[in-house]
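Spelled out, the chains give:
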Amino acid sequence: MDSAETADFLKKNVGLFTQFSDNRLAELVAGSQVVSYEPNEAIVEFGEDATHLGVLLEGEASASVIAEAGERQVVARLKAGDTFGEMVLMTGEKTMVDIIAETRCSVLLVPVSLFSSVIMTEPRAVQHISRTISERFKTVMQDPAKMAAFRRSEEPCAVRLKSERPEKILVVNCGSSSLKYCLFDTRNESNNMRGLVDRIGTDITRHTCRGPRGEVARNLPKGTHREAFEAMFAELTAEETGAISGAAEISVVGHRVVHGGEPFTETTVITDEVLRELETLSPLAPLHNPINLLGIREAQRVFPSVPHFAVFDTAFHNTLPSFAYLYGLPYEYYESKKVRRYGFHGTSHAYVCLAAAQYLGRRVNELEIISCHLGNGASVCAVDHGRSVDTSMGLTPAEGLIMGTRGGDIDPGVLVFLEREEGLTADQIDNLLNRKSGLLGLSGISSDMREVERAAHEGNHRALLALKAFCYRLRKYIGAYVAAMGGLDVIIFTAGIGQGSARVRAVALQGLRCMGIILDEQRNREAHACEEIRRISTDDSPVTVLVVPTDEERMIARESLRALSRTYIKRALEAQRQEPIPIEVSAHHVHLTQEHVEALFGAGHQLTRQSDLSQPGQYACQEQVTLVGPRGRVERVRVLGPVRKFTQVEIAMTEQFKLGIHPPIRESGDLKDTPGITLEGAAGNITIDKGVICAMRHIHMTPEDALRYGVRDKFTVRVRVPGTRELVFGDVRVRVDPSFRLAMHIDTDEGNAANISTGMTGYIDELQNQD
């Protein structure tokens, strides 16, 4: 079909589009693509992100899942004129079925940006979609076998590169004497390429590249980074071994940038202004940021017409609380010089956490994880429900673990002592800390753990001492982070030492059975330099220990792709920017189970409705309780109804000091490893061992609201609130459910700080995160 025939087919055969004007249909078809599929070819795969609404133009297809016995269970059959993808587009969840062509099929793929900006602006289209989803749910729920198969299929997907349209992403990691690059093709990953130009500026410059047609290696003449980029481009476009025909095929270029400081807390499109600001951050990473900027400028010269994005090592750690990132120095050094802990290896920590969650069939925001990135540079990260809450590196990568040539944590008085006694200058101290310490300094042999282990095995005392010191420091950090998070589900080992040294893993975890960490020695030995995820804990270990190969380049590609997607979604946000969202300020409150209602107010007691709340079915009760913590009391705390499955207490930040407890910031219902408290009621007291949280800022939306604003469930946005003290709230979680009513909820601390009261309005200003 041509475009006119496709539009005519939609109007005559697809109920969703029967009320559309010819102009709207033409706009829709022009922005979509028609793709052909052969019999048994997957049109949509289970676990993918929602990127398109599909319309079957020709042929037949089936929606299916894998049943318990391993056979494929068909849950629905599709014919020409049928649509698919509505449910995942409206909820933001992963695709729950495989859609497979049964005959040769022709499919119109409508990108989510057009779905939001064109289809969801038509009221009758929204009603049609709601009816379609409801009917499909009824069909599945009436068949127990299909429903069981659906439930088994509800697991997160792998770290995939999926997009609204086929994209080719170039990832650039520019070092002082090397250029590492990767090309990712979202439509066909067999076209991916990985290359390295090494020893730039020497007479032995070497270029190796592995692509769809094999591996090549070439010696290059002595040159600069400019010549290295030209060699990269020549290899990417080589007729016999390349994967692209020219620069125009590249959709986006993602750059690794080591230090983003406080200004850059997420992947950022690179502009002249951004480059100028990055230059001001070079003193924080003098060995890395200047060369990263050089790589950006060279890549912009080679690919001038595509967007370039900076992906920061520090960005993943922007969720560290202030008490974790501040040093015990006079506060003015933070205010004037931004002296604080930033953390590094964020791209690697983020990747392995996502990969581990997928391997375990869990969502990363359900887990407490300690990620150990152990290479020549090494760091540990505490990841609590998907958020970095502490990490071992600080203002610079010199803090934390013992590393190849860095000493890690050290008494600052040692440096003063060496300056006085040895007359060391600042440059000499910098050289000592970053190039002569760590494994090299302790062992006197090498900065390479493989050589240190080999020497230790042969009886070298200093090598054995270096190995033990490395593992002891790591073990201390693991124990500290278990305490910081109040629990642990998973430990991850990654990077050269983490993946390659069974001995380091064994020694580091020795004696941690008391924390629920039980290593399987045989599994650990067999997981040597593995290329896939391996479990090395015993089956009955309360904490799962995994070896997870990292892939920072894929993570940079993923973040660049998501940033590119945000530019598409931003169009829908721009259209709705002036549509306000009502704000409600929530005071402290309590949700109770029926058992606890009766314990606090008497046997058989039922909650007494006082007034309805904005969210349908929710209400404030006449009943109140007193919260009793180790340090103090908070009285007259309102109970909200109806009763819940678990008791939950929500307080403001300022009240935690009064009570003497330290609850985490969590979404409602996420109570794992939260502190407990005592509640006093009219007829008795109860003490809960968990359930106290500071609620994350959030917006309640219906699916229709979410699509009008161009967001989905679990997205994180920034919300601008005008007024006498206008400000922008970050980290506002979007929560989507058909039963919700549009409203943003903040707590009393946030309302007081911004002089905000219930009834005021805010505006979605920016999409912050798509997790």
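Preceding this paragraph is the structure being described.
Each value, and the rule that gives it
- Residues numbered from 1 in each chain as written.
- Predicted model: local features only at pLDDT ≥ 70, side-chain atom pairs only at ≥ 80, totals over all residues.
- Heavy atoms only, no water.
- Helix = DSSP H or I, 4+ residues; strand = E, 2+ residues; numbered from the N terminus.
- Rg over C-alpha atoms; globule rule 2.2 N^0.38 Å.
- Buried < 20%, exposed > 50% of the residue type's maximum accessible area, 1.4 Å probe, protein only.
- Contact = heavy atoms within 4.5 Å.
- Lys, Arg positive; Asp, Glu negative; His and termini not counted.
- Charge placed at Lys NZ, Arg CZ, Asp CG, Glu CD.
- Pairing = 2+ DSSP bridges.
- Axes fitted to C-alpha atoms, helices over the stretch in contact; angles between N-to-C directions.
- Parallel < 35°, antiparallel > 145°, perpendicular 65-115°, else oblique.
- Left-handed = near helix turned anticlockwise from the far one by under 90°.
- Core = buried A, V, L, I, M, F, W, Y, C linked by side-chain atoms within 4.5 Å.
- Phe/Tyr/Trp six-rings, centres within 6.5 Å; stacked < 30°, edge-to-face > 60°.
- Lys NZ or Arg CZ within 6 Å of the ring centre and 35° of its normal.
- 1 Å grid on protein atoms, 1.4 Å probe; cavity = no way out; pocket = protein on both sides within 12 Å on 5 of 7 lines; lining within 4 Å.
- Points joined across faces, edges and corners; volume = space filled by probe spheres on them.

Some words on the overall build of the protein chain
At step 1: Helix and strand counts for the protein chain stand at 25 helices and 37 strands.
At step 2: For a compact globule of 771 residues, the expected C-alpha radius of gyration is about 28 Å, and the protein chain comes in at 28 Å, within 12% of that figure.
At step 3: Taken over the C-alpha atoms alone, the protein chain extends approximately 80 × 75 × 60 Å along its principal axes.
At step 4: Here the protein chain, with 771 residues, has 54% of them falling under the buried criterion.
At step 5: Taking contacts inside the protein chain between residues at least 6 apart in sequence as the whole, the part at least 24 apart equals 68%.
At step 6: Positive and negative charge centroids in the protein chain, built from 86 and 102 side chains respectively, lie 1 Å apart.

Observations concerning the pairing of strand β8 (residues 105-111)
At step 1: With seven of its seven residues buried, β8 lies for the most part within the structure.
At step 2: Covered by surrounding structure in β8 are C105, V107, L109 and P111 together with S106, L108 and V110, the residues of both alternating faces.
At step 3: Relative to β8, strand β1 (residues 33-37) runs antiparallel, the two being bridged by five bridges. Of the residues in β8, the one forming a bridge with S36 is S106.
At step 4: Pairing of strand β3 (residues 52-58) with β8, which is carried by six bridges, proceeds in the antiparallel orientation. The residue bridging E58 from the neighbouring strand is S106, located in β8.

Topic: the packing of helix α17 (residues 461-485) against helix α19 (residues 502-509)
At step 1: Viewed as axis vectors pointing N to C, α17 and α19 meet at an angle of 55 degrees, and their least axial separation amounts to 8 Å. On the basis of the axis angle, α17 is oblique to α19. The handedness of the crossing between α17 and α19 comes out as right-handed. Note on element contacts: α19 touches α17 through R503, V504, V507, A508 and L509, opposite L464, L467, F470, C471, L474, R475 and I478.

As for unusual backbone geometry
At step 1: Look at the link from G641 to P642: it is a cis peptide, with omega at 0 degrees.
At step 2: Secondary-structure assignment places P642 in the loop between β27 (633-641) and β28 (648-650).
At step 3: A positive phi is found at K338, a non-glycine position, where the angle reads about 55 degrees.
At step 4: One can find K338 in the loop between α11 (331-337) and α12 (346-360).
At step 5: Even without being glycine, A495 reaches a positive phi, approximately 75 degrees.
At step 6: As for its placement among the helices and strands, A495 is situated in helix α18 (residues 495-500).

Looking at the sheet that holds β1
At step 1: If you walk across this open sheet you meet the four strands as β1-β8-β3-β6, and the pairing is antiparallel. Every other strand in the sheet has two partners, leaving β1 and β6 (83-84) as the edge strands with one partner each.
At step 2: Its contacts with the sheet place helix α1 (residues 3-13) against β3 and β8, and it is angled at close to 95 degrees to β3.

Here's the deal with the nonpolar core
At step 1: If you look at the biggest cluster of nonpolar residues, it comprises 45 residues, and the most contacted ones within it are I370, L374 and I491.
At step 2: The set of elements that each furnish at least two residues to this core consists of β17 (368-374), β18 (378-384), α16 (449-457), α17, β20 (490-494), α19 and β22 (544-547).
At step 3: Ranked by residues supplied to this core, first place goes to α17 with 11 residues.
At step 4: Those residues in contact with I370 that lie beyond four places of it in its chain are V380, C381, I478, Y481, V482, M485, L488, V490, I491 and I492.

Considerations on the packing of aromatic side chains
At step 1: Tallying each qualifying case throughout the model produces six aromatic pairs.
At step 2: With 5.7 Å between their ring centres and 70 degrees between their planes, F233 and F303 make a pair best called edge-to-face. Of this pair, F233 sits in helix α7 (residues 225-236) while F303 sits in the loop between α9 (289-302) and β16 (308-312); the two residues are 70 residues apart in sequence, bridging distant segments of the chain.
At step 3: Here the aromatic rings of Y477 and Y481 are separated by 5.7 Å at their centres, their planes lie at 65 degrees, and the arrangement is edge-to-face. Within this pair, Y477 and its partner Y481 are both found in helix α17, separated by four residues, close to a single helical turn. Exposure class is identical for Y477 and Y481. Each is buried.
At step 4: Counting every residue linked through ring pairs, the aromatic cluster contains Y325, Y331 and Y334.
At step 5: Above the face of the Y334 ring, K338 is positioned so that its terminal group lies 4.9 Å from the ring centre.
At step 6: In this structure, R340 packs its charged tip against the face of Y325, placed 3.7 Å from the ring centre.

Some words on the sheet that holds β20
At step 1: Within the open sheet, the six strands sit side by side as β19-β18-β17-β20-β22-β21. Their pairing is mixed. Looking at strand neighbours, the two that pair on one side only are β19 (387-391) and β21 (534-535), the edges of this open sheet.
At step 2: Relative to β19, β18 runs antiparallel, the two being bridged by four bridges. For D384, the partnering residue across the bridge sits in β19 and is R387.
At step 3: Packing of α19 onto the sheet brings it into contact with β17, β20 and β22, and relative to β20 it is tilted by some 150 degrees.

So, the side chain of H349
At step 1: Inspection of the secondary structure puts H349 in helix α12.
At step 2: The class of H349 is buried, set by a relative accessible area of 0%.
At step 3: Apart from residues lying up to four places away in sequence, H349 is in contact with F316, H317, F344, S371, H373, S379, V380 and C381.

Regarding empty space enclosed by the protein
It is the rolling of a water-molecule-sized probe over the atoms that shows where space remains empty.
At step 1: Following the criterion strictly, the structure yields one cavity of 30 Å³ or more and no others.
At step 2: If you add up the space inside the largest cavity, you get close to 30 Å³.
At step 3: P722, G723, A754, I756 and M760 are the residues nearest the centre of the largest cavity, which is lined by 10 residues in total.

Some thoughts on the environment of G730
At step 1: Position of G730 among the secondary structure elements: in strand β35 (residues 727-736).
At step 2: Judged by its relative accessible area of 18%, G730 is buried.
At step 3: Between the C-alpha atoms of G730 and L767, which are 37 residues apart in sequence, the distance is 9.6 Å.
At step 4: Filtering out sequence-adjacent residues up to four positions away, G730 remains in contact with R697, V717, R718 and Q768.

Some words on the pairing of strand β36 (residues 743-747)
At step 1: The element β36 is largely enclosed, with a buried count of five among its five residues.
At step 2: Side chains of β36 alternate between two faces, with A743, H745 and D747 and M744 and I746 buried alike.
At step 3: Across four bridges, the pairing between strand β23 (residues 581-586) and β36 is parallel. Across the sheet, residue I583 finds its bridge partner in β36, namely M744.
At step 4: Both strand β33 (residues 698-701) and β36 contribute to a ladder of three bridges, which runs antiparallel. Pairing of I699 across the sheet is with M744, part of β36.

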